[in-house]
Structure formats: C-alpha cells, structure tokens
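Structural overview
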Protein chains: 2
Amino acid sequence: MSEFYPIAAAAHLTGISLDTLRAWERRYQAVVPKRAGRGRLYSEEQIQRLVLLRRALAQGHSIGQVATLADRQLRHMLEKSSSFAGEKPAARARASEDILIPVWRALERFDTEATHREINRLAVAIALPTDFVYQVALPLMRRVGKLWHEGKCSVAQEHILTRHLASVLTSFIRAYSRTNTAARVLIASPSNERHEFPILTAAMLTAAAGLGVIYVGADLPAPDIVLAARKTNADVILLGLSTPPDPNTLGELHYVERKAPRRTALWLGGAPELNLKKATGNSRWRLLQDFSALERQLRALVARS
Amino acid sequence: MSEFYPIAAAAHLTGISLDTLRAWERRYQAVVPKRAGRGRLYSEEQIQRLVLLRRALAQGHSIGQVATLADRQLRHMLEKSSSFAGEKPAARARASEDILIPVWRALERFDTEATHREINRLAVAIALPTDFVYQVALPLMRRVGKLWHEGKCSVAQEHILTRHLASVLTSFIRAYSRTNTAARVLIASPSNERHEFPILTAAMLTAAAGLGVIYVGADLPAPDIVLAARKTNADVILLGLSTPPDPNTLGELHYVERKAPRRTALWLGGAPELNLKKATGNSRWRLLQDFSALERQLRALVARS
DNA sequence: TTTTATTTGTCAATGCTTTGTCCATGATAT
DNA sequence: ATATCATGGACAAAGCATTGACAAATAAAA
C-alpha cells in the first residue's frame, strides 16, 4: 500500500500547483520528497502533510510560519481552530480486527463517550481516509449489521455507532474536499432511503480522491436533488441505495435522469441486484457494484480532468 | 505547545475584521500581539480574549468600556448577564438576527463548506451553549421550516443546515457532558419519529446543565429504549416527539412506561397538544411544554442530587 | 428636541515583504 | 520528438503595517 507519487500526481491530489510544490521545497524545505533519478517521489505521508499545510493556509496562516512545523503541531493547530474537542494521538494502530475491540467494548456498555473516544483515536492513528474506511468503518458496520440480524445487538447501539462514525467521516470530508477542483460530485440518496452511512462513505472516498464533494444527505426527493445539482453545477450525481428499490424509487431515478443537465454524469451505487437496463431501457445511470468500483470511477474522472 | 496565529487566522477564528483588530490595538491596546518581523502573532490566550470581547459587544457593551478590562472581569460580566435578562433590547435583536445572515447566504448557494464555517464561527463567538441554542440553532431551524412551508427552500438545504447544526451541537454535548455526574439522562425519540434536531437540542441543554447525557438518537423502538436505559442505569428517560403522535407511538410510550425501572423518571417533550393523562390514565410521563420547561426540570434535578 | 461631541467600524494610500506563478534552459525517458 | 521534470531567475499579485480620514451610531449638552 505504500505508494509513491510523482509531482504531477501530488499536485492533483493536494490541489497545490507544481510550481508551488517546488517553491515550498526550495524556500522552506516544507516537504522534501525522495528522488529517483528523473524526478520527485512523494510518499503517502508527505501527501498528507501537504494537505495539512493547505488547510493551515486556508485558515489564514502564512506558509512561512507553518512550513517548518512538525506534523503533530500542524494537526494540533487545526484541531484547535475547529471547535472540536481534540483527541490525543494514540499509539500506531495495527491493521487487524484487534483494533476494533475497544470500540466494541464501549458499545456494549452503551458508553457513547467512550465509543466516540475510541473511534476518534483510531481515526487519528490511521490518518489515511481510505484506510479508515476499509479497516474501521466498514468492518464495524458489517459486524453491527450481522449481530443485529442475530438479535444480539440493539438498534440503539447501531445508532450510536453510526452517529460517531458519521462524525469522523464528515470531518474527514471537510478536511479533504477542495473547492477549486476540476470536478464536483453531488452525493445523496433518494426518498425513503434513510441509511446515511453508505453515502457518507462514498463521500469520503470522493473527497480523498481529490474531488469536490457536495454532500446533501439521505432521504431527498428527486426534484431537490436536481435543483441542488443545478445550483452547484455538479459534474456528477451519485445516488446511493441500500434497500431493494421499490417502484417509487425507480420513479425518482427516472425523474433525475430526465431532468438532470445533459452534461452531468449519473452514478448509482449500492444496489447490485438492480438490473437497471431492464427497468429503464438504455439508461444514463452507471451502476457501481461496490466501493472499489466507485474508486475506479473516481480515478478515471480525476485522470480525465 | 504554544501556538501563534497571524492576524488573518485570528480574524478567521474570531470573526473580527482585520481592520477592527488593528483599530482595537491602536486605540485601546485591547489585545497587543507579539510581533515577528513583519506581522502580528496572536497567542491562544489572546484569541480567547478576543472571543470574550466579541461576546461582550454582542450583549450591547461598547468596545471602549470593555477593551481594557481584565479577562477575569470580562468572564464575570458575561456570566452574570448571559441569556437571562438585562441586555438592551436593540442590541439583543441585532445579535439574534444579523448574525445569522452569513449562514443564510451560504445555504442559498448550497455551499456546504461555507455553511459549516459560518455556523462554527458563531459557535466559537457565542461559546455559551444555551445562548447558542436560543440565538442560533432555534432561530435557524424555525426560519428554514417557515421557508420550506412557503416553498422557498428545498429539503436539501434543510438537510445541510441540520447536519451542520447537529455537528456543532454534538461537539458541545461532548464538551460539557460529565461522566461522573449524579444524574444521567437518556435521550431518544420513539419509532417513526425521525426528526433529530429537537432531541439533539434537548441533549445539549442537558449537558449544559452539568448532567450526564446518553444520547442514542431518533427513531428507536421502545424495547431498545428500555434496554439502553437499563444498561446505562439512567435516572431519566427523555423522549422527544415532534409530529402529532399516532396510535402506534402511544403504544410505544405505554411500553416504556410499563417496562422502565420504577426509579427512572419519564419525561416527554415536544408534543404540547398531547393530553397524555386522558390517553393513558394516571401516567408516569411528565410533559414538558417547551425548552424552558425542560431547563426548569433539569435545574430541579441538579438541585435534588 | 435639537445640536454638538465622541465613539467606532470601515476604507484609502503608501511602502514593504511574502508568495504564487511564469519563463528559459537543460536533462531524461518513452 | 514529445512529454515530463529540474533548476534558477524574475515578476506580479497578495498580504500586512501604518497613517489618516470618513460616516454612522451613540452619548452628552444645550
């Protein structure tokens, strides 16, 4: 998983121009990538650091002031200014099921406070948004779903978990989403689709890919989706379905398909069993089987723009 | 660990304009940041002081009066006159309307980023959770509800606003909720009651009163509510209703009443038109007409324990 | 009540520094 | 050969400080 990115990729991922990246390195040694013969190679951590620097700038700091700060200080500074209670960074977490045990313990006791603390601790320790999705968020949700089916877990616990995962995901989204990006993706789910977690996850992956995210939430009537897409000039509308779609939902999808601007791409996730072509003929909707499929689409979109 | 903020960051954090920051320093030496070559650097304490000053202004004081006061005096002054009475009506009115305009602007543009930023800024500036509820959260929700009824506001905008208000409210709750408190209040709403905002507000008021909060969320089946109350040993179960309750909901209330531990108090908010005594005989449920009624109950509970 | 004085947020002009971007040139790999 | 990247120089835009001024709001005086 330890990838290295050439400077163009780093620029795209962070939203910082090539020239600026080089200028920061030359003038302040803010981020010094390793060199492999013909060019710079940025590590995953360095990309993260660049994102942190970018956020610091967005909050009014000057690059000269923050360029030489350690990552720890940067994080500390950014947490302070967002009115959230800062959490102490925990020890490096291992990528295994073990790391989820404390969360689970807290949840069993209905201890909302501890649940939040443990999830936050994992988020800080893991730091990489996509890793957080695949190693923490999805496994937790899968497990709670399974236990609920077996009657070993109450809806209350599922609520508590979802709430705090959502809180972490949204803060990730805010941290990574860019405003002046090439492409903007509007993310929502249609009426009667109340599960928020899947589309929140999709929103986070989108933000992590370096795209702009307009997250409007679950349970939204089709006309409102189209209106929001128009107002924000979105390039993609991504809708999430979790339950098998009923006729009503199909109607909503049809509405969006007819009324959305022609240039807007339409993506649909979370309903692998839905054969949409059969239902609506040659549809504009592109189906995404799972989150990896979404990631592939996102990468293609980034490359295209 | 001592962070310093350049003037742009200070302005961003406090919501005070650059010019005003400089004017206050020049005219009253209200806050004199240290200088590093070509620029002011505000310390953490100075940022806090600026927030205090801003709150003092919001309550109708003039900057000349408060600029030279010590931090201690400022805090004392704000505590005494916070949210209860004694302010000038004019300043009060301005504080409760004008400050919401930026949020509204952002929402009109579907700009989730700016919406969050503006709400966060208000939260930092107001700092007192109860003030935030009465001056920001409730007015915003009332207004969005009104506009939605008039068809001038989409569900998407309501979602965006709710989400970000919820984020601020939960962070307040975390900041204020005590773990080793005398009394614990479990807060939820029964099945088919999906509006989260009212109970979130109630949770924040509870936390602000210094009580322990177990917030499990909306749309929860009655057995789960009782189970959670048992597990957490809650002293109070507070349920919120917003829509007129249907027979199903009455059944849920009845279930909770029967199965909840005898020593647990049962409070019900948000349904003033519901005559519960008529519906269920001599009920254990105590009805709370509005948020002030809730605050009274909370104070009584604190005093008793 | 009207008039005068003071307070206070905002703006403009000027000069200095920081910082993002551009350019010309050269190197390397597909 | 075309594309990507490095390097160092150059420059224009933006940020910040300082001084001075103005207009609206507020308080004080007539």
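Residues numbered from 1 in each chain as written. Chains lettered and ligands numbered in written order. Predicted model: local features only at pLDDT ≥ 70, side-chain atom pairs only at ≥ 80, totals over all residues. Heavy atoms only, no water.

As for the pairing of strand E4 (residues 184-190) of chain B
Residue and element names in this part refer to chain B. Within E4, six of the seven residues are buried, which leaves it mostly tucked inside the rest of the structure. With six bridges joining them, E4 and strand E5 (residues 212-220) adopt parallel strand pairing. The partner of Arg184 across the bridge, within E5, is Gly212. The handedness of the E4 to E5 crossover, carried by helix H11 (residues 197-208), is right-handed. (Buried < 20%, exposed > 50% of the residue type's maximum accessible area, 1.4 Å probe, protein only. Helix = DSSP H or I, 4+ residues; strand = E, 2+ residues; numbered from the N terminus. Pairing = 2+ DSSP bridges. Right-handed = clockwise from strand over helix to strand, strands pointing away.)

Let's talk about the domain arrangement of chain A
A common way to report how large an interface is uses the accessible area buried once the components associate. All names here are of chain A. Under the domain assignment, chain A is made up of domain 1 (4-75), domain 2 (97-174) and domain 3 (177-304). Facing 15 residues of domain 2, the contacting portion of domain 3 comprises 13 residues. Where domain 2 abuts domain 3, roughly 1200 Å² becomes buried across the two surfaces, and 84% of that area is made up of carbon and sulfur atoms. One can count one residue pair in polar contact (both at pLDDT 80 or more) joining domain 2 with domain 3. Mapped by element, the contributors of at least two residues to the side of domain 2 that touches domain 3 are helix H8 (129-149) and helix H9 (155-176). Here the element with the most residues in the side of domain 2 that touches domain 3 is H9; it accounts for eight residues. (Domains from an automatic or database assignment. Contact = heavy atoms within 4.5 Å. Buried area = accessible area lost by both parts, 1.4 Å probe. Polar contact = N/O pair within 3.5 Å; in protein donor to acceptor, adjacent residues only side chain to side chain.)

Comments concerning the sheet that holds strand E6 (residues 236-240) of chain A
Within a beta sheet, neighbouring strands are joined by backbone hydrogen bonds and run either parallel or antiparallel to one another. Residue and element names in this part refer to chain A. Within the open sheet, the five strands sit side by side as E5-E4-E6-E7-E8. Their pairing is parallel. The open sheet terminates on both sides in strands that have one partner only, identified here as strand E5 (212-220) and strand E8 (285-288). Ignoring strand direction, the axes of neighbouring strands in this sheet form an average angle of 20°. In this sheet, E8 lies alongside strand E7 (residues 265-269) in parallel orientation, the contact comprising four bridges. From the neighbouring strand, Gly269 faces E8, where its bridge partner is Leu288. (Axes fitted to C-alpha atoms, helices over the stretch in contact; angles between N-to-C directions.)

Topic: the protein's contact with DNA strand C
Taken together, 24 residues are adjacent to DNA strand C, and Thr20(A), Arg27(A), Trp24(B), Arg27(B) and Tyr28(B) come closest. In DNA strand C, atoms within 4 Å of the protein come from the sugar-phosphate backbone in 64% of cases. Ser17(A) places a side-chain nitrogen or oxygen 2.8 Å from a phosphate oxygen of DNA strand C. Between a phosphate oxygen of DNA strand C and a main-chain N or O atom of Ile63(A), the distance comes to 3.2 Å. Taken together, the residues of the surface near DNA strand C break down into 10 nonpolar, eight polar and six charged. (Near = heavy atom within 4 Å. Nonpolar A, V, L, I, M, F, W, Y, C, P; charged D, E, K, R; others polar.)

Things to note about the protein's contact with DNA strand D
Residues in close proximity to DNA strand D total 17 residues, the closest being Arg22(A), Arg26(A), Arg40(A), Arg22(B) and Arg26(B). A breakdown of the atoms of DNA strand D within 4 Å of the protein gives sugar and phosphate a share of 73%. Interatomic distance of 2.8 Å between a side-chain N/O atom of Arg26(A) and a base nitrogen of DNA strand D. Residue Arg40(A) places a main-chain N or O atom 2.7 Å away from a phosphate oxygen belonging to DNA strand D. Secondary-structure elements contributing two or more residues to the surface near DNA strand D are helix H1 (7-14) and helix H2 (18-28) of chain A together with helix H1 (7-14) and helix H2 (18-28) of chain B. Looking at the surface near DNA strand D residue by residue, the class counts come to five nonpolar, two polar and 10 charged.

Quick look at helix H13 (residues 247-259) of chain B
Residues and elements named next belong to chain B. With 13 residues, H13 should cover 18 Å at 1.5 Å per step; its first-to-last C-alpha distance of 18 Å lies within 8% of that length. Looking at H13, one finds that the buried residues are Thr249, Glu252, Leu253, Val256 and Glu257. For H13, the angular spread of the buried residues around the axis is 140°, confining them to a single face. Of the exposed residues in H13, the ones pointing more than 90 degrees away from its buried face are Pro247, Asn248 and Arg258. (Expected span 1.5 Å × (residues − 1). Arc of directions from axis to C-beta.)

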